Amino acid sequence: GTMQTCWTNEIAFTFLFFLNLLNYIDRGIIPGASEEFSTFVSDSLDTSTPDLYVGLLQSAFIVGFSLAAVAFGHSIHYVPPFKMVGVGLVIWILATALSGLARQAGSYQLLCAARMLSGVGEAGFQCVAPPFILDLGGRSGGRWIAIFYTAIPLGTAIGYPWGALFAASSWTWSGAFWMESVLMCPFALTCFFMPFT
């Protein structure tokens, strides 16, 4: 119908590209504001060696991602792809919002759990996007995937100054997480109305 025609394959691909970009901007926040996070960890855990704990924060998403990828990978056979992406993004939005809240709570544990949860949300998206893009792209599928993955270095490169600029402002690094939560909301909402099944 009309909905299907306005959602061309190119628009759907562009949508997924920007999702991936925002996801990798998120990954750049902690290394981009490493001094501020070190201070937070020192205060929260009362430790003089915060580097280890900051490193754990940066890799905590892998735990959530690894576990959730199995569940999402199984669900893809029963759930429409964009519904699953939408569910993943709602989890991701919650995770980034909680990441920002951790500073107010003064809780390293909350921040670490929120970073793990962001991996759960990402799994819902990353399990669907690459095979879906290959289908969308047809003969150009390989090229589309290559472009899709340029969001990894590009998003991370944006994430470093994003984290640093927010951390140095009155918003603090909490604002870096909250702003991306807000930016992701329309994407998450749109996923539940996508015509692709």
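Residues numbered from 1 in each chain as written. Predicted model: local features only at pLDDT ≥ 70, side-chain atom pairs only at ≥ 80, totals over all residues. Heavy atoms only, no water.

(A) The arrangement of empty space enclosed by the protein in detail. One pass over the structure, following the stated rule, counts 2 cavities of 30 Å³ or more. The computed volume of the largest cavity comes to approximately 80 Å³. Taken together, the elements giving at least two residues each to the lining of the largest cavity come down to α2 (9-32), α4 (51-59) and α7 (108-126). In terms of residues, the lining of the largest cavity owes the most to one element, α2, which gives 4 residues. When the residues that make up the lining of the largest cavity are grouped by side-chain class, the tally is 4 nonpolar, 3 polar and 4 charged. Within this model, the second largest cavity holds a volume of roughly 30 Å³. (1 Å grid on protein atoms, 1.4 Å probe; cavity = no way out; pocket = protein on both sides within 12 Å on 5 of 7 lines; lining within 4 Å. Points joined across faces, edges and corners; volume = space filled by probe spheres on them. Helix = DSSP H or I, 4+ residues; strand = E, 2+ residues; numbered from the N terminus. Nonpolar A, V, L, I, M, F, W, Y, C, P; charged D, E, K, R; others polar.)

(B) Highlighting the nonpolar core. Counting 52 residues, the largest nonpolar core has Leu 16, Leu 19, Phe 37, Leu 57, Phe 82, Val 85 and Ile 133 as the members making the most contacts within it. Sorting elements by how many residues they give to this core places α2 first, with 11 residues. (Core = buried A, V, L, I, M, F, W, Y, C linked by side-chain atoms within 4.5 Å. Buried < 20%, exposed > 50% of the residue type's maximum accessible area, 1.4 Å probe, protein only.)

(C) Region of interest: unusual backbone geometry. Non-glycine residue Asp 46 carries a positive phi angle of around 55°. Note on placement: Asp 46 falls in the loop between α3 (34-45) and α4.

(D) Here's a closer look at the environment of Thr 172. When you line up the elements, Thr 172 lands in helix α11 (residues 172-191). Classification of Thr 172 as buried rests on a relative accessible area of 14%. Counting along the chain gives 128 residues from Thr 172 to Ser 44, while the straight-line C-alpha distance between them is 16 Å. When sequence neighbours within four positions are dropped, the list of residues in contact with Thr 172 reads Arg 103, Phe 166 and Ala 167. (Contact = heavy atoms within 4.5 Å.)

(E) Layout of the pattern of salt bridges. In the structure shown here, the tally under the stated rule is 2 salt bridges. For the salt bridge of Asp 26 with Arg 115, the shortest nitrogen-to-oxygen distance reads 2.4 Å. Of this pair, Asp 26 sits in helix α2 while Arg 115 is found in helix α7, placing the two residues 89 residues apart along the sequence. Overall, the relative accessible area of 2% leaves Asp 26 in the buried class. Owing to a relative accessible area of 4%, Arg 115 belongs among the buried residues under this scheme. (Salt bridge = Lys/Arg side-chain N within 4 Å of Asp/Glu carboxyl O.)

Purely geometric numbers; function is a separate question.
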